[in-house]
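# Results of the structural survey
Now for the letters of each chain:
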Number of protein chains: 2
Amino acid sequence: MRLTERKIAATLRQHGYKLTPQRRAVMRTIASTQDHLTPAAIYQKVHKDHPSIGLVTIYRTLDILAKLELICELHAGGSCRSYTVGARGHHHHLICSNCGEVIDFTGYDLTQLEQRLSRQTGFEIEGHLLEFIGLCQNCQKND
Amino acid sequence: MRLTERKIAATLRQHGYKLTPQRRAVMRTIASTQDHLTPAAIYQKVHKDHPSIGLVTIYRTLDILAKLELICELHAGGSCRSYTVGARGHHHHLICSNCGEVIDFTGYDLTQLEQRLSRQTGFEIEGHLLEFIGLCQNCQKND
DNA sequence: TATATAAATGATAATAATTTTCATTTACAA
DNA sequence: TTGTAAATGAAAATTATTATCATTTATATA
Ligand SMILES: [Mn+2]
Ligand SMILES: [Mn+2]
Ligand SMILES: [Zn+2]
Ligand SMILES: [Zn+2]
């Protein structure tokens, strides 16, 4: 079942956030489409109904909604990049959210899943991204 | 086995790229650490040995190395964001690299792997990111 | 080894994305 | 109602990324 504006609003309330017209507008926009939207795209849509809204409010609202896991952040290609040496061959990553340490791991095969998805959706799949985020041992010690 | 500067250089050659001191310096820097580094961080490191290098050259070199899969791009938290409504509960994504369409999929469980990784590395894993990138049916038709 | 030439570089500017600051407004608890 | 902390929007500041273009350079080949 999809998340409605009403549902989102309730969760905001539960967490002590005020329910402003601007936030409603952002929620409505996001809840009204399957697309993934950049902050700028959301701004443009919201702006139609709510011409006085500021882009900053979009960013702030998105941060809150993401923190509450009401929306989710995607990391497709393009910007937002950092690099590490490529271990030989295909592999995946384990990333420390605190210090940025990256551990490569191999031996986990996603081709079965890839084929299933391709069959089910008609997508021609070119690649994938599998990353685990957490705290490395060091960063656990130092709180 | 880790990728050495020498190995990287050979691959560059094979693909018809010239071997410049700047590129060597970038390769050396990347090959010399396990860390993942932002373009800015790489620039700072390279800049020490090679004060005249331009940041633009870093970007250009990284693009090439990524294209040749000698390094890999990470998408941890932070910037590079676009949003989609959260389907009820945890799910993963299939993203069209051309038009940006996103399909959520569920029913793929990574907790086994997560536990294995946690045991092996001592990481306290907080979450993960699993995304497949490809072309949706529409974008396949329209080339 | 000298030379021709396409490729690469770096300075600079342009663009785009994101965050900070701060004075003003507003949601909502009491 | 009213008080107050929270939220907003304008503007500026930062930061990331890309485009342009004159100059330099790696390297194939004579
Ligand atoms: Mn993989
Ligand atoms: Mn998952
Ligand atoms: Zn760490
Ligand atoms: Zn598409």
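Residues numbered from 1 in each chain as written. Chains lettered and ligands numbered in written order. Predicted model: local features only at pLDDT ≥ 70, side-chain atom pairs only at ≥ 80, totals over all residues. Heavy atoms only, no water.

## Details of the protein's contact with DNA strand D
Convention followed: The nearness test applies per residue and asks whether one of its heavy atoms lies within 4 Å of the molecule or strand. Two N or O atoms count as a polar contact when they lie within 3.5 Å, although within protein this holds only if one can serve as hydrogen donor and the other as acceptor, and sequence-adjacent residues are included solely when both atoms are side-chain atoms. Only DSSP runs of H or I covering at least 4 residues are called helices, and only runs of E covering at least 2 are called strands; the numbering of each starts at the N terminus.
Taken together, 22 residues lie near DNA strand D, and T20(A), Q22(A), T57(A), R60(A) and Y59(B) sit nearest. Sugar plus phosphate: this is where 70% of the atoms of DNA strand D within 4 Å of the protein reside. In the environment of DNA strand D, a sugar or linking oxygen lies 2.9 Å from a nitrogen or oxygen atom belonging to the side chain of Q22(A). Contacts to DNA strand D include L19(B), whose backbone N or O atom sits 2.9 Å from a phosphate oxygen. Among the elements of the structure, α2 (21–31) and α4 (55–67) of chain A together with α4 (55–67) of chain B are those that each provide at least two residues to the surface near DNA strand D.

## A few points about the confidence of the model for chain A
Stated precisely, the cut-off is as follows: pLDDT measures the predictor's confidence residue by residue and takes values from 0 up to 100.
This prediction gives chain A a mean pLDDT of 81; 80% of its residues lie at or above 70. Between the elements of chain A, mean pLDDT differs from a low of 54, seen in strand β2 (residues 82–85) of chain A, to a high of 95, seen in helix α5 (residues 111–121) of chain A.

## Side note on the side chain of H50(A)
Note the following rule: Residue contacts are counted whenever heavy atoms from the two residues lie within 4.5 Å of one another.
Mapped onto the elements, H50(A) comes out in the loop between α3 (39–49) and α4. In contact with H50(A), other than residues within four places in its own chain, are P21(A), Q22(A) and A25(A).

## Brief notes about the pairing of strand β3 (residues 92–96) of chain A
Residue and element names in this part refer to chain A. The test is simple: Throughout, exposure labels follow a simple rule: accessible area from a 1.4 Å probe, protein chains only, divided by the maximum for the residue type, with under 20% read as buried, over 50% as exposed, and the rest as partly exposed. Two strands pair if DSSP finds at least two bridges between them.
For β3, the buried fraction is high: five of the five residues fall into the buried class. Both faces of β3 are covered, namely the face carrying H92, L94 and C96 and the face carrying H93 and I95. Relative to strand β4 (residues 102–105), β3 is paired through four bridges, and the arrangement is antiparallel. Bridge pairing in β4 links H92 to F105. Strand direction decides the pairing type here: β3 and strand β5 (residues 124–135), joined by four bridges, are parallel. Paired with L94 across the bridge in β5 is F132.

## Quick notes on the protein's contact with DNA strand C
To keep things clear, this is the line we draw: The nonpolar class holds Ala, Val, Leu, Ile, Met, Phe, Trp, Tyr, Cys and Pro. Asp, Glu, Lys and Arg form the charged class, and all remaining residues, Gly among them, are polar.
Taken together, the neighbourhood of DNA strand C is formed by 20 residues, with L19(A), Y59(A), T20(B), T57(B) and R60(B) sitting nearest. A share of 71% is what sugar and phosphate atoms reach among the atoms of DNA strand C within 4 Å of the protein. In the model, a sugar or linking oxygen of DNA strand C is placed 3.3 Å from a nitrogen or oxygen of the K18(B) side chain. The separation between a phosphate oxygen of DNA strand C and a polar side-chain atom of T57(B) is 2.6 Å. Counting only elements with at least two residues in the surface near DNA strand C, the list comes to α4 of chain A together with α2 (21–31) and α4 of chain B. Of the residues in the surface near DNA strand C, the class split is nine nonpolar, six polar and five charged.

## Regarding the nonpolar core
This is how the line gets drawn: Each nonpolar core is a collection of buried residues, namely Ala, Val, Leu, Ile, Met, Phe, Trp, Tyr and Cys, held together in the definition by side-chain atoms within 4.5 Å.
With 26 residues, the main nonpolar core has L130(A), F132(A), L130(B) and F132(B) as its most contacted residues. When contributions to this core are tallied by element, the ones reaching two or more residues are β3, α5 and β5 of chain A together with β3 (92–96), α5 (111–121) and β5 (124–135) of chain B. Setting aside residues up to four positions removed in sequence, L130(B) forms contacts with L110(A), L113(A), L129(A), L130(A), H92(B), H93(B), F105(B), Y108(B) and L110(B).

## Details of the pattern of salt bridges
Residue and element names in this part refer to chain A. Spelled out, the test is: Salt bridges are identified by distance alone: a Lys or Arg side-chain nitrogen within 4 Å of an Asp or Glu carboxyl oxygen.
One pass over the structure, following the stated rule, counts two salt bridges over all chains. With a closest N to O distance of 3.1 Å, E5 and R28 form a salt bridge. With a gap of 23 residues between them, E5 in helix α1 (residues 5–14) and R28 in helix α2 connect regions that are remote in the sequence.

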